[in-house]
Structure formats: C-alpha cells, structure tokens
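Structural overview
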Amino acid sequence: MYELLFWRYLDEIYLNNQEVYEALLEKQEVDGLEILPVQLILNRINSVFSQWERVDENSWQNNTGKGAFQIITTPQSIKIDCYGTEGKTMNKLVDVLEEFKCPLYDPQVPERYDEMSE
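What counts and what doesn't
Residues numbered from 1 in each chain as written. Predicted model: local features only at pLDDT ≥ 70, side-chain atom pairs only at ≥ 80, totals over all residues. Heavy atoms only, no water. Core = buried A, V, L, I, M, F, W, Y, C linked by side-chain atoms within 4.5 Å. Buried < 20%, exposed > 50% of the residue type's maximum accessible area, 1.4 Å probe, protein only. Helix = DSSP H or I, 4+ residues; strand = E, 2+ residues; numbered from the N terminus. Contact = heavy atoms within 4.5 Å. Pairing = 2+ DSSP bridges. Axes fitted to C-alpha atoms, helices over the stretch in contact; angles between N-to-C directions.

**Some thoughts on the nonpolar core**
Counting 23 residues, the largest nonpolar core has Phe6, Ile45, Phe69, Ile78, Ile80 and Leu97 as the members making the most contacts within it. Secondary structure elements with two or more residues in this core: strand S1 (2-6), helix H2 (38-48), strand S4 (68-74), strand S5 (77-83) and helix H3 (87-99). The contacts of Ile78, once residues within four sequence positions are left out, are Leu4, Leu5, Phe6, Leu36, Val38, Ile41, Ile71, Ile72, Thr73 and Leu97. By size, the runner-up hydrophobic cluster in this structure holds 10 residues, among which are Val20, Ala23, Leu33 and Tyr105.

**Remarks on the sheet that holds strand S6 (residues 104-106)**
Read from one edge to the other, the open sheet built from seven strands follows the order S2-S3-S4-S5-S1-S6-S7, with strand pairing classed as antiparallel. Both edges of this open sheet fall to strand S2 (53-56) and strand S7 (111-112), since each of them pairs with a single strand only. Here S1 pairs with S5 via five bridges, running antiparallel. When the sheet's bridge partners are listed, Glu3 is paired in S5 with Asp81. Contacting S1, S4, S5, S6 and S7, helix H1 (residues 17-25) runs over the sheet at an angle of about 100 degrees to S1.

**Describing the environment of Val30**
Looking at the secondary structure, you find Val30 in the loop between H1 and H2. We classify Val30 as buried; its relative accessible area is 10%. Spatially, the C-alpha atoms of Val30 and Asp95 are 24 Å apart, while their sequence positions differ by 65 residues. Setting aside chain neighbours within four positions, we find Val30 in contact with Leu15, Val20, Ala23, Leu24 and Gln76.

**Section: unusual backbone geometry**
A cis amide bond links Val109 with the next residue in sequence, Pro110, at an omega value of -20 degrees. A positive phi angle, close to 70 degrees, is found at Glu12, a residue other than glycine. Following the sequence through the fold, Glu12 ends up in the loop between S1 and H1. We note that Lys27 has phi near 60 degrees; this positive angle belongs to a residue other than glycine. Mapped onto the elements, Lys27 comes out in the loop between H1 and H2. Take Lys27: its relative accessible area is 52%, and that puts it in the exposed class.

Shown next, in the form of structure tokens:
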C-alpha cells in the first residue's frame with residue numbers, strides 16, 4: 001500500500017506537516033486547516049476515474065490494468081490508500097487534489113509538496 005494525504009492550510013498558517021499528518025490519521029480536527037469541499041472532490045475523482053469500477057462509495061478498482069485505491073476523508077483531509085497503483089495513476093490523483101489547492105503530503109518520504117517546502 002502507498003499512502004497519499006492532502007489538506008489545505010488557512011492563509012498565513014503553516015504547521016509541522018508530520019504532526020498534522022498524525023493528527024489527521026487519528027481523525028482529529030486541526031486548528032489552522034481549512035474545511036474541504038469533500039463531496040466535490042470525491043465527485044471530481046469519480047469523474048476522472050469513470051473508466052474504473054467503483055467498488056463502493058470510497059473505493060475504485062482498475063478492471064483493465066493495475067491498481068485500486070480507497071479514499072478516507074475527514075472534513076479537513078483526503079487520504080488515499082493506493083494498492084498496486086501505478087505512478088501515473090497516483091499522479092492523476094495528485095493533479096485532481098491540486099485543482100482544489102490541496103498539495104500532496106507523502107508520509108513515506110515524509111514530504112509535503114507545496115510552495116512552503118524547503
């Protein structure tokens with residue numbers, strides 16, 4: 001499994017990304033994060049991956065190639081667990097979340113890919 005996590009900071013706020021990640025995993029509310037349009041984001045992902053089988057409300061499976069992913073949401077975050085998913089597919093997911101100004105935090109590295117990263 002490969003984990004992708006997305007959130008958006010309020011203006012002028014920037015916190016320790018690892019601490020934010022850990023709090024969001026525990027489904028805690030984090031001061032300094034925006035409330036996301038979760039349903040809009042899910043609808044957009046469903047549209048981009050319309051060729052994939054929607055296994056349930058939060059899971060997609062590629063029936064013509066590799067991979068599957070599951071989305072777990074909080075009001076402030078989108079977590080995508082990728083299973084055997086190709087890099088180009090993960091990049092598509094990252095692009096969708098970029099449309100909503102939610103940069104990727106990659107906990108495997110760990111690094112957040114936004115303009116504040118060093």
